[in-house]
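Observations on the model geometry
Take a look at the letters that make up each chain.
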Amino acid sequence: MPSNERELARKAKKQKKQQRTRRIIWGVIIGVIILLTALKIAEIDFSAVKDKLTGNDGKLAVEIENSRGVYPLQLDSSKDVKMVSQNDKLSVLTSVSYTSLNPTTGKSLNSFNHGYANPIMKNAGNYAFLFDQGARRMRLETVSDKVFQSEVDSPILTGSVCKTGNVIYATKENNGQSNIYVVNSSLKNLMNLKVSDGYVVNTAIDPSGKKIAYAVLTSKKAKLITTVYTMNVGDKKVKASFEFSDSILDISFSSGGLYVVGTNSLNVINGMKRQKEIFKTGSVNTVCFCYSNNNDLIYIYSKYNSANENFLTHISASGKVTYTTELKQKPKYVSCESNEISVLFSDRITVYSFTKGEKKSTYKCDGGVSSVSKLSTKLFVTRHQLIDVIE
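Scoring rules and cut-offs
- Residues numbered from 1 in each chain as written.
- Predicted model: local features only at pLDDT ≥ 70, side-chain atom pairs only at ≥ 80, totals over all residues.
- Heavy atoms only, no water.
- Helix = DSSP H or I, 4+ residues; strand = E, 2+ residues; numbered from the N terminus.
- Buried < 20%, exposed > 50% of the residue type's maximum accessible area, 1.4 Å probe, protein only.
- Contact = heavy atoms within 4.5 Å.
- Areas by Shrake-Rupley, 256 points an atom, 1.4 Å probe, with all protein chains shown as cover.
- Pairing = 2+ DSSP bridges.
- Axes fitted to C-alpha atoms, helices over the stretch in contact; angles between N-to-C directions.
- Salt bridge = Lys/Arg side-chain N within 4 Å of Asp/Glu carboxyl O.
- Phe/Tyr/Trp six-rings, centres within 6.5 Å; stacked < 30°, edge-to-face > 60°.

1. Section: the overall build of the protein
- The secondary structure content of the protein amounts to two helices and 32 strands.
- A total of 391 residues make up the protein; the buried ones form 48% of that total.
- Across the protein, contacts joining residues at least 24 apart in sequence account for 38% of those joining residues at least 6 apart.
- When the accessible surface of the protein is totalled, it reaches about 20400 Å², and 50% of it is carbon and sulfur.

2. Here's the deal with the sheet that holds strand E3 (residues 89-94)
- Sheet architecture is open: four strands sit in the order E2-E3-E4-E5, paired in antiparallel fashion. Each having just a single partner strand, strand E2 (81-86) and strand E5 (107-113) make up the two edges of the open sheet. For this sheet, the mean angle separating the axes of adjacent strands, direction not counted, is 15 degrees.
- Where strand E4 (residues 97-102) lies against E5, six bridges are found, and the strand directions are antiparallel. Considered in E5, the bridge of serine 100 is made with asparagine 110.

3. Here we look at the pairing of strand E17 (residues 240-244)
- Of the two faces of E17, only the one carrying Ala240, Phe242 and Phe244 is buried; Ser241 and Glu243 on the other face are not.
- In the sheet, strand E16 (residues 223-232) pairs with E17 via five bridges, with the strands oriented antiparallel. Pairing of tyrosine 229 across the sheet is with serine 241, part of E17.

4. A short note on the sheet that holds strand E8 (residues 137-142)
- One open sheet accounts for four strands, arranged E6-E7-E8-E9; its pairing is antiparallel. Looking at which strands have only one partner, the edges of the open sheet turn out to be strand E6 (119-124) and strand E9 (146-151). Each adjacent strand pair in this sheet contributes to an overall mean axis angle of 15 degrees, direction not counted.
- The pairing of strand E7 (residues 127-132) with E8 spans five bridges and is antiparallel. Its bridge partner lying in E8, tyrosine 127 is registered against threonine 142.

5. Section: the pattern of salt bridges
- Counted according to the given criterion, the structure contains nine salt bridges.
- The closest approach of N and O atoms between lysine 360 and glutamate 340, which form a salt bridge, is 2.8 Å. Here the residue lysine 360 occupies a position in strand E29 (residues 359-364), and glutamate 340 occupies one in strand E27 (residues 340-344), the gap between them amounting to 20 residues.
- Measuring nitrogen to oxygen at the nearest pair gives 3.0 Å for the salt bridge that ties glutamate 340 to lysine 374. Residue glutamate 340 is located in strand E27, and its partner lysine 374 is located in strand E30 (residues 369-375); the two are separated by 34 residues in the primary sequence.
- Note on lysine 374: relative accessible area 8%, which makes it buried.
- Counted as one network, the salt bridges with shared partners bring together Glu340, Lys360 and Lys374.

6. Concerning the pairing of E9
- In the sheet, E8 pairs with E9 via five bridges, with the strands oriented antiparallel. For glutamate 141, the partnering residue across the bridge sits in E9 and is lysine 146.

7. Remarks on the packing of aromatic side chains
- Summed over all chains, the structure comprises 11 aromatic pairs.
- Their ring planes at 20 degrees and their centres at 5.0 Å tell us that tyrosine 214 and tyrosine 229 sit as a pair that is stacked. Taken together, the residues tyrosine 214 in strand E15 (residues 211-220) and tyrosine 229 in strand E16 connect sequence positions 15 residues apart.
- According to the relative accessible area criterion, tyrosine 214 is buried, its value standing at 5%.
- By relative accessible area, tyrosine 229 is classed as buried at 13%.

That is the geometry; function is a separate question.
Structure below.
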């Protein structure tokens, strides 16, 4: 009997050991199945899920993809990449293509090869106006669709677009004159103006699409003079004209005036008739500038060309300098989104408050970064032919 009891006890112990081994093996198998299932789920294209979670306002309640897994992103082989924020999207122009990107997913919303020899892009609201400077082709795009594509009769000199989709552009005629046209988003002609006193170098159209300005370069007494004209769309006579001895880099309407940014000067024209000198000619050196979503001017200048000390300013629509922030290093680029200003230096990006000009945060970067746009908490940058993200 004792030997039988020992044998039964031994068999019971062996059976328990076998059961424990089987449980371990099945646990491993179940774990492998769970892992394989998770890997399979990771292969799902979440864009379809994202579409289902998109409301009528086009916004997502949940961000599905991590942008770090998408970037750096190369759109084509071109190294000449221009990127600007457009609402909550990115508009990217290269020497080969135009692309509207969803920055969260890195996916194209609208893309095509433009075939332009000298592509220029101007943006306002939901619109991007593209033209081949010196040639005859132009097109208007939204972030998701083509609005129009057209070939005009004469080479295009310059142009601009407003938030309503109205477009202004200037052409060079064979007789040495220039023509200025204003069309709406259906290509309906709203204005046609002949300019005979010089070469049109800049155009602007106000946010409502009802006012225009244009800058004409002429020579007087062996000196180059730029004259800025203001008009209402549809009028036959100009409202006013203003002469500048400085080279004019840009003209742009704000909510209440017209900014005239020169190489060595800054002026605001209020009410289309009254000139206000912010920085007189020769007192500043324009380093870089941009405009806010409300069309206010962010202007960075130095006292002279090689100065290390630079100054960040916000210029209101009335021409008031609301603040001046000193920068210890010369910046390469500036952009403004929402209530933040992003300033690119050779080794870093510093974000400043739009309302007060105070420093908020700094991010390290390399010298290859050429532009920056801040959307939400992420900095999107161009680096050679790549678009990358800094979080």
